[in-house]
Structure formats: structure tokens, C-alpha cells
Amino acid sequence: MKAIKNFTNLSLAATIMLMTCCGCGDLFAEYAVRVQNNSSSDVFFSYPSLSIIYDDGFRFYPDTTIYYEAYHLIPRQDFRYLGVETKSLENWFSYFPNDTISVFFLDVETIETIPWETICNEYLILQRYDLSIEDLRKLNGHITYPPTEEMRGMHMFPPFEEAIRTKQE
């Protein structure tokens, strides 16, 4: 009987801990930048991740060439965090040579069917955002694909108006 009571108390404590933690998000990490895919399709995104910064020849903004085959899947209506646990935009940007990063969005079918060299040479991207630390502050660290009205005026390719028109087609 005592064993059942101990088990019940332990189960209750574990349940309370789980319920408390589930509403808090990830208690062990704080990320400065989040990418949200609000499109109706899965997409890949690529950015200068901290793990490849020290790779010889890595290109940074204002060079907007795609050349490094490092991209991450973000399912439709889902999100991912960029980088490592950096807790602040200032800390995250301290790893880069300037205050602007380029984030590329690529079509899943393009990645799966076209050679990487062709994707790079023909610039087969859905969207590129060149976001400064100030842009990301305005966005509260939340990058959204496709671009939102809040992103109007931020540097992107294709430009905002064209990206919105394409989204509506």
C-alpha cells in the first residue's frame, strides 16, 4: 500500500512538472532569431550559420551569392530557430563581419531535382532577405516567409511588391 502511495505522489509530482514546463517553451535555450514559414508549401532556408563562419571563403553580405550547400527544411506553417543559443541579436551578430545577414528561401522541389551548381549559377531562389540588426529588432527577431507587410521597405530580392504579387497568384 505504501508503495502505491509513493508511486501516486511521484506520478503527481512528475505530472505537475511536465505541465509547468510544457507551457514555457524550451527552458534550456534562448534563440535570438526565429524563421516562420507561413506559406502553403515546405521550403528550405539557408543563412550564414555560426558553424560555417570560419570556413575559408565563406561569403557575407553585401556578397549575396549562394554557394554554400547548407540549407534547412522548414515545413509549411511551422518555424525554426536560427543559429545557436545566443539570447540576443547583438550577441548573434557579434559573430559576423557586419550588421547584415542574407537569408535565402529555396523551393523543396528545386533542391531535390536541380543540381546545386545550377541553383547557384541561375540564382533559383524563392526569396532573399538582407536583414540588418535594426530590421530584426523591428521584427522582434521573427523572420517570416513569405514577407509580411511589416517587412515592406526591408531589402529583399525579389522586391517586396513582386514577392507579394507572386504570393497572390
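Residues numbered from 1 in each chain as written. Predicted model: local features only at pLDDT ≥ 70, side-chain atom pairs only at ≥ 80, totals over all residues. Heavy atoms only, no water.

### A word on the sheet that holds strand β3 (residues 72-74)
Consideration 1: Pairing is antiparallel across the open sheet formed by five strands, whose spatial order is β3-β2-β5-β6-β8. With one partner strand each, in any of the chains shown, β3 and β8 (156-157) form the two edges of the open sheet.
Consideration 2: As paired elements, strand β5 (residues 100-107) and strand β6 (residues 127-132) share six bridges and run antiparallel to each other. Among the inter-strand pairings, Ile 101 is bridged to a residue of β6, identified as Leu 131. (Pairing = 2+ DSSP bridges. Helix = DSSP H or I, 4+ residues; strand = E, 2+ residues; numbered from the N terminus.)

### Digging into the pairing of strand β1 (residues 34-37)
Consideration 1: Bridging between β1 and strand β4 (residues 78-81) involves four bridges; their strand directions are antiparallel. Counterpart to Gln 36 in the pairing with β4 is Phe 79.
Consideration 2: Relative to strand β7 (residues 142-145), β1 runs parallel, the two sharing four bridges. Across the sheet, the residue bridging to Arg 34 is His 142, located in β7.

### A closer look at the confidence of the model for the protein
Consideration 1: The share of residues in the protein with pLDDT of 70 or more is 68%, and the mean pLDDT across the chain is 78.
Consideration 2: Note that residues 5-28 has pLDDT below 50 and, in this model, two contacts with residues that lie over four places away or in other chains. (pLDDT = per-residue confidence, 0-100. Contact = heavy atoms within 4.5 Å.)

### Looking at the nonpolar core
Consideration 1: Of all hydrophobic cores here, the largest spans 28 residues; its most connected members are Val 33, Leu 82, Trp 92, Phe 105, Tyr 129, Leu 136 and Ile 143.
Consideration 2: Elements with a contribution of two residues or more to this core: β2 (43-46), α2 (89-93), β5, β6, α5 (133-138), β7 and α6 (160-168).
Consideration 3: Among residues more than four places away in sequence, those in contact with Leu 136 are Val 33, Leu 89, Trp 92, Phe 93, Leu 131, Gly 141 and Ile 143. (Core = buried A, V, L, I, M, F, W, Y, C linked by side-chain atoms within 4.5 Å. Buried < 20%, exposed > 50% of the residue type's maximum accessible area, 1.4 Å probe, protein only.)

### Thoughts on the sheet that holds β7
Consideration 1: Taking strand neighbours across the sheet as the criterion, the three strands line up as β4-β1-β7 in an open arrangement whose pairing is mixed. Here the strands that pair on one side only, and so sit at the sheet edges, are β4 and β7. The mean angle between the axes of side-by-side strands here comes to 20°, regardless of whether they run parallel or antiparallel. (Axes fitted to C-alpha atoms, helices over the stretch in contact; angles between N-to-C directions.)

### Things to note about the packing of aromatic side chains
Consideration 1: Enumeration over the complete set of coordinates arrives at nine aromatic pairs.
Consideration 2: Judged by centre distance (6.4 Å) and plane angle (40°), the rings of Phe 45 and Phe 105 are tilted. Placement of the pair is Phe 45 in strand β2 and Phe 105 in strand β5, with a sequence separation of 60 residues. As far as the burial class goes, Phe 45 and Phe 105 line up, both buried.
Consideration 3: Taken together, a centroid distance of 6.4 Å and an interplanar angle of 80° make the contact between Phe 104 and Tyr 123 edge-to-face. Pair noted here: Phe 104 is in strand β5 and Tyr 123 is in the loop between α4 (116-122) and β6, with a separation of 19 residues, a long-range link.
Consideration 4: A relative accessible area of 22% means that Tyr 123 is categorised as partly exposed.
Consideration 5: Joined through ring pairs, the aromatic side chains of Phe 45, Tyr 47, Phe 105, Tyr 129 and Tyr 145 make up one cluster.
Consideration 6: We note Arg 34 situated over the ring of Phe 79; from NZ or CZ to the ring centre the distance is 3.8 Å. (Phe/Tyr/Trp six-rings, centres within 6.5 Å; stacked < 30°, edge-to-face > 60°. Lys NZ or Arg CZ within 6 Å of the ring centre and 35° of its normal.)

### Quick word on the pattern of salt bridges
Two side chains that carry opposite charge are able to pair once their charged atoms sit near each other.
Consideration 1: Under the counting rule described, the total for this entry stands at seven salt bridges.
Consideration 2: One salt bridge in this structure joins Arg 80 and Asp 78, with 3.3 Å as the shortest N-O distance.
Consideration 3: Looking at Arg 80, the relative accessible area reads 31%, which means it is partly exposed.
Consideration 4: By relative accessible area, which is 25% here, Asp 78 ends up partly exposed.
Consideration 5: Note that Glu 90 and Arg 137 form a salt bridge whose closest N and O atoms lie 2.5 Å from each other. Highlighted residues: Glu 90 in helix α2 and Arg 137 in helix α5, separated in sequence by 47 residues.
Consideration 6: Given a relative accessible area of 41%, Glu 90 falls into the partly exposed group.
Consideration 7: A cluster of three or more residues bridged by salt bridges with shared partners is formed by Glu 90, Glu 134 and Arg 137. (Salt bridge = Lys/Arg side-chain N within 4 Å of Asp/Glu carboxyl O.)

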